[in-house]
Amino acid sequence: MTHKPNYIDAIIVLDPNAKCTLQDEDLSTLVWEDSNPNNITDKQITDKHAELMTEYNNNKYQRDRATAYPSIQDQLDMQYWDNVNSTTNWKDAIAKVKSDNPKPEW
């Protein structure tokens, strides 16, 4: 998930066909437009949301890397000039992003 998960995301994971509305991430404002045919409980929603948040938090390094990498155009240009000049600028740039944003050791 690339965006921070919310309760609606949790509901959709529990029931992809769910029809509901929610205001300000307040479960007391949850309105089921489809009468909640699967009887999803608030606890199921908060538990699933906690799972999604754990996954989101564990993947922070991926989001950080994605914004830190040079653009694809710049990377291709680096690769071209590395080939022409026998340099390692592209590999060095990628290695720096990876070392600045390490993958967690679970």
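Residues numbered from 1 in each chain as written. Predicted model: local features only at pLDDT ≥ 70, side-chain atom pairs only at ≥ 80, totals over all residues. Heavy atoms only, no water.

### Overview of the overall build of the chain
Per the secondary structure count, the chain includes 5 helices and 2 strands. In sequence order, the secondary structure elements of the chain are arranged as α-β-β-α-α-α-α. A compact globule built from 106 residues would reach a C-alpha radius of gyration of about 13 Å, whereas the chain, at 21 Å, exceeds it by more than 25%. Projected onto the principal axes, the alpha-carbon positions of the chain cover approximately 65 × 30 × 20 Å. (Helix = DSSP H or I, 4+ residues; strand = E, 2+ residues; numbered from the N terminus. Rg over C-alpha atoms; globule rule 2.2 N^0.38 Å.)

### Here's the deal with the pairing of strand β1 (residues 20–23)
Of the two faces of β1, the one holding Cys20 and Leu22 is buried and the one holding Thr21 and Gln23 is not buried anywhere. Pairing of β1 with strand β2 (residues 26–32) involves 3 bridges; the strand directions are antiparallel. Bridge pairing in β2 links Cys20 to Trp32. Hairpin connection, β1 to β2: the antiparallel pair is bridged by 2 residues, and Asp24 has positive phi, about 50°. (Buried < 20%, exposed > 50% of the residue type's maximum accessible area, 1.4 Å probe, protein only. Pairing = 2+ DSSP bridges.)

### Regarding the nonpolar core
In this structure, Tyr7, Ala10, Ile11, Ala18, Cys20, Leu22, Leu27, Leu30, Ile40, Ile45 and Leu52 together form the largest nonpolar core, which totals 11 residues. Breaking this core down by element, the ones donating at least two residues are α1 (7–14), β1, β2 and α2 (42–58). Ranked by residues supplied to this core, first place goes to α1 with 3 residues. Once residues lying within four places of it in the same chain are set aside, the contact partners of Leu30 are Ile11, Cys20, Thr21, Leu22, Asp42 and Ile45. (Core = buried A, V, L, I, M, F, W, Y, C linked by side-chain atoms within 4.5 Å. Contact = heavy atoms within 4.5 Å.)

### Section: the pattern of salt bridges
Per the stated rule, a full pass over the model turns up 4 salt bridges. The salt bridge partner of Lys43 is Asp47, with a shortest N-O separation of 2.8 Å. With Lys43 and Asp47 both in helix α2 and 4 residues apart, this pair spans about one turn of that helix. Judged by its relative accessible area of 37%, Asp47 falls in the partly exposed class. The partner of Asp100 in a salt bridge is Lys96, and the shortest N-O contact between them spans 2.6 Å. (Salt bridge = Lys/Arg side-chain N within 4 Å of Asp/Glu carboxyl O.)

### Digging into the packing of helix α4 (residues 72–85) against helix α5 (residues 89–100)
The geometry of α4 relative to α5 is characterised by a closest axis approach of 7 Å and an angle of 140° between their N-to-C directions. Taken together, the axis directions place α4 and α5 in an arrangement best described as oblique. Contact with α4, carried on its side by Gln75, Met78, Gln79 and Asp82, involves Asn89, Trp90, Lys91, Ala93 and Ile94 of α5 and no other residues of that element. Partitioning the contact of α4 with α5 into residue classes produces 4 nonpolar, 3 polar and 2 charged. (Axes fitted to C-alpha atoms, helices over the stretch in contact; angles between N-to-C directions. Parallel < 35°, antiparallel > 145°, perpendicular 65-115°, else oblique. Nonpolar A, V, L, I, M, F, W, Y, C, P; charged D, E, K, R; others polar.)

### Things to note about the confidence of the model for the chain
In this model, the chain carries an average pLDDT of 95, and 99% of its residues clear a pLDDT of 70 or more. Per-residue pLDDT, averaged within each element of the chain, yields its smallest value for helix α3 (residues 60–68) (94) and its largest for α4 (98). (pLDDT = per-residue confidence, 0-100.)

### Re α1
Counting along an α-helix, one turn takes 3.6 residues, and residues three or four places apart therefore face a common direction. Among the residues of α1, Tyr7, Asp9, Ala10 and Ile11 are the ones counted as buried. Those residues of α1 that are buried are in contact with β1, β2 and α2. The N-cap residue of α1 is Asn6: its side-chain oxygen and the backbone nitrogen of Ile8 are 3.0 Å apart. (Polar contact = N/O pair within 3.5 Å; in protein donor to acceptor, adjacent residues only side chain to side chain.)

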